[in-house]
Amino acid sequence: MNRSVNLVARSLGFVWLGVVAFGIFPPRGHAELVLQAVAYGVTGLCLIGWMLLDYSPRAARYRPRGLPLILGVIAAVTGAAAVSGWDGGLALLIFTVVVAMQAGSDVDLPSALGVTVAGILAVEVSGLAFSAYWASLLGYPLLIASGLLIGRNRGAFRLQAEQLTALLAQRDLLEAEQRRADLLDERTRIAREIHDVLAHSIGALGIQIQAARSVLTDYGDIDRAVELLTAAQRMAGEGLTETRRAVHALRSDTLPLADELAKATSTYGERYHVAVSLDTEGTSRPVPAEATVALLRVAQEALVNAVKHGAGKPVTVRLDFDAAWVRLTVRNEVDAVAPRVVELSTVNAGYGLTGMRERLRLLGGTLETGRDGTCWVVTALVPLPPPN
């Protein structure tokens, strides 16, 4: 597109200068006419060669050497003709300045200097031959040199524009790759979350069925067995709902960690009629979606263990925010001895703290469990990215 525009501009300029130099302001003397006609004809041939360098694949390989030569010839002949008289020949100086400008932007500096020097020397030699005024001998070279400077600036701006275009294209490519990586990470999180949910559901179903069989074989309690099977059926439905929720949550924005924990603790307290408290310390910060889900699963598993080993006793959940990490602590009292049936009948969540420890490790976090007097304490620590 730029080559075509430049070609049209050069062609129109060439025709217009011919009209000015030979039609509107024709040369007065024979010598001036011959020089200007030769200069105009040579310039036309050079413009044809310039066009071939731009459009011919065979000629394009000669462009690095051919273009400076063509520009130098145009600068020399038009510079010589420009000072041959005060008539239309002066218009040919425009081409001298233009080719100096073109050389400054399109060829290397030594070649551009050569083109400029050729034009200036032609002006000086021809000016002396035609007894040109000293103002022409000084002013015309300055105009040609100005064309070179303008061309160099134009080339520098064009190079910067090309570099900026390349950087923008690279940025777009990096953003596309980042979106692709984020999409793959999201799919990985979805698969991991569904794995956890299904593992919980299937494991809980197995335990409930085992408990129902134990109640039937050991106690012959049909009502209790039906109750356990009903709980198993409810777990299957909850597992399906949880799977759908996991996919939806990871494909959209998750709730803040404190809100997710508030929902989980509220559900726990209502289901098991247990007092559970949630405290938050420190300045709340955004937590990445994967860390939010992982800590939520740790809290759910810890709450289930509290039901298993300390049925009916209060549970405290604490969330601490620091500049570099977030820590979740779940504390509950444990029974010295838990009846077998009660222990089995209250299993209703959890994906295994061992699995949660591995998951937190992938996030750079830690998970610790152990007794603290009469209490069982689960502590999960996850590092946070630095604030923007």
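What this report covers is the structure whose coordinates are included nearby. Quick caveat, the model's predicted, so the values are computed rather than measured.

### Some remarks on the sheet that holds strand 4 (residues 366–372)
Then step 1. Strand order in the open sheet formed by five strands is 1-2-3-5-4, and the pairing between neighbours is mixed. The outermost strands of the open sheet, each flanked by one partner alone, are strand 1 (276–281) and strand 4. On average, each strand axis in the sheet is tilted by 15 degrees relative to the strand beside it, whichever way the strands run.
Then step 2. When strand 3 (residues 325–333) meets strand 5 (residues 375–383), the two strands line up antiparallel, connected through nine bridges. Note that in strand 5 the partner of Thr329 across the bridge is Thr379.
Then step 3. The sheet contacts of helix 10 (residues 289–309) involve strand 2 (315–321), strand 3, strand 4 and strand 5, and relative to strand 3 the element is tilted by about 10 degrees.
Then step 4. Across the face of the sheet, helix 12 (residues 353–362) comes into contact with strand 4 and strand 5 while running at roughly 140 degrees to strand 4.

### Comments concerning the pattern of salt bridges
Then step 1. Inspection of the entire model under this criterion finds seven salt bridges.
Then step 2. Salt-bridge contacts for Arg171 lead to Asp172; the nearest nitrogen and oxygen are separated by 3.6 Å.
Then step 3. Arg171 gets classed as partly exposed once you look at its relative accessible area, which sits at 45%.
Then step 4. Assessed through its relative accessible area of 40%, Asp172 is described here as partly exposed.
Then step 5. For Asp372, the salt bridge identified is with Arg331, shortest N-O distance 2.9 Å. Here the residue Asp372 occupies a position in strand 4, and Arg331 occupies one in strand 3, the gap between them amounting to 41 residues.
Then step 6. When its relative accessible area of 41% is taken as the criterion, Asp372 is described as partly exposed.

How each quantity is defined
Residues numbered from 1 in each chain as written. Predicted model: local features only at pLDDT ≥ 70, side-chain atom pairs only at ≥ 80, totals over all residues. Heavy atoms only, no water. Pairing = 2+ DSSP bridges. Helix = DSSP H or I, 4+ residues; strand = E, 2+ residues; numbered from the N terminus. Axes fitted to C-alpha atoms, helices over the stretch in contact; angles between N-to-C directions. Contact = heavy atoms within 4.5 Å. Salt bridge = Lys/Arg side-chain N within 4 Å of Asp/Glu carboxyl O. Buried < 20%, exposed > 50% of the residue type's maximum accessible area, 1.4 Å probe, protein only.

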